[in-house]
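# Topology and contacts: notes
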Amino acid sequence: IRRQRQMCIRDRDTDCAFYLDGWVPAEEVETLAQTLAPFVCAWETADPTEDEYDQVPVKLKNNWFTRPLNMVTEMYSLPAYDGIDPNPLMAPFFILFFGMMLADMGYGAVMVAGGLFALRRIRPKDPAFMELIVWCGVSTFLWGALTGSFLGDLIPRLVTMLDPGSTFTMPALFTPLDDIVMIMIGSLVLGAVQILTGMTVSVVKKIRDGQGLDALFDEVTWWVILAGLGVMVCGMALPSAPAVLATAGQIVLVAGVLMLALGGTRKARGFGKVTCFVGLVYNGVTGFFSDTLSYICLLY
């Protein structure tokens, strides 16, 4: 609570009276009332106005799973008062991608053991980092089990040292060296899922703020285009697919392009509509595909 001004009043009951203005989470108003009850004071609460949104301090609501991600969110920027908490949506992707990139049972076990030791014995004041280490360690261990990696190829090397004729290999569902294409496709799919999740968040926020048309023509239009393109490609690439599938995909794709041409350029005038449409196509296509392709780095 910040003190805005103080004024002294000399009388028989008090030597000084002052005025305080501050913030309190709505769910803690009852606690505030109990705290102020022993004092002789007058107080009231009110919801912030829209003009005050940029002044409202942000306190994220967390559970045992999303709390460790606070440190990551705070490294960039906390959401605005009327924004959306990114932690519940970011936590699964962050932990999953971390484990996918490290992917080693030995490293994961060390991370989990070290994190738990710090939480149980050292007990840091802010346990978020150690909790995040534990979660990322679990993900790393599981991905290592899928790829058959324990401190690299330590175990097969040790077995070979003891028995030079051994052909022992760690059991694995897939291996990064032999299944490069599958892992690359999986990385692209996971990247596309995260990007579409971000677009969904934007749609929900715009609809909540009464900007339904913006949501329709800024995000939903691209969903229609991508859906039409995907159905058309599947209809043309799969030999067993019915011929109507490709036609249906073309119809949906054309509908999406028309939505982009008419709705996406609704704020432009004259020849500006043409340049606006070209810019939307260029930024949308290059942005979506370049962002998706960037997830190939998970392969390395």
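As a reminder, the structure under discussion sits directly above these lines.
Since the structure is predicted, the reported quantities are computational estimates derived from the model, not experimental observations.

## Digging into unusual backbone geometry
Positive phi, normally seen in glycine, also occurs at Ala103, with a value near 45°. Tracing the backbone through its elements, the reader meets Ala103 in the loop between α3 (87-102) and α4 (105-122). One non-glycine residue, Leu151, lies in positive phi territory at about 50°. Tracing the backbone shows Leu151 in the loop between α5 (128-147) and α6 (154-162). Classification of Leu151 as partly exposed rests on a relative accessible area of 36%.

## Section: the packing of α3 against α5
For the pair α3 and α5, the least separation of the axes is 7 Å and the interaxial angle reads 50°. By the angle between their directions, the pair α3 and α5 is classed as oblique. The interaxial crossing formed by α3 with α5 has right-handed handedness. In this structure, α3 uses Phe94, Ile95, Leu96, Phe98, Gly99, Met100 and Leu102 to contact α5, whose residues at the interface are Leu132, Trp135, Cys136, Ser139, Thr140 and Trp143. Tallied by class, the residues present in the contact of α3 with α5 amount to 10 nonpolar, 3 polar and no charged.

## Describing the side chain of Glu131
Mapped onto the secondary structure, Glu131 falls in helix α5. Glu131 gets classed as buried once you look at its relative accessible area, which sits at 14%.

Definitions and limits used
- Residues numbered from 1 in each chain as written.
- Predicted model: local features only at pLDDT ≥ 70, side-chain atom pairs only at ≥ 80, totals over all residues.
- Heavy atoms only, no water.
- Helix = DSSP H or I, 4+ residues; strand = E, 2+ residues; numbered from the N terminus.
- Buried < 20%, exposed > 50% of the residue type's maximum accessible area, 1.4 Å probe, protein only.
- Axes fitted to C-alpha atoms, helices over the stretch in contact; angles between N-to-C directions.
- Parallel < 35°, antiparallel > 145°, perpendicular 65-115°, else oblique.
- Left-handed = near helix turned anticlockwise from the far one by under 90°.
- Contact = heavy atoms within 4.5 Å.
- Nonpolar A, V, L, I, M, F, W, Y, C, P; charged D, E, K, R; others polar.

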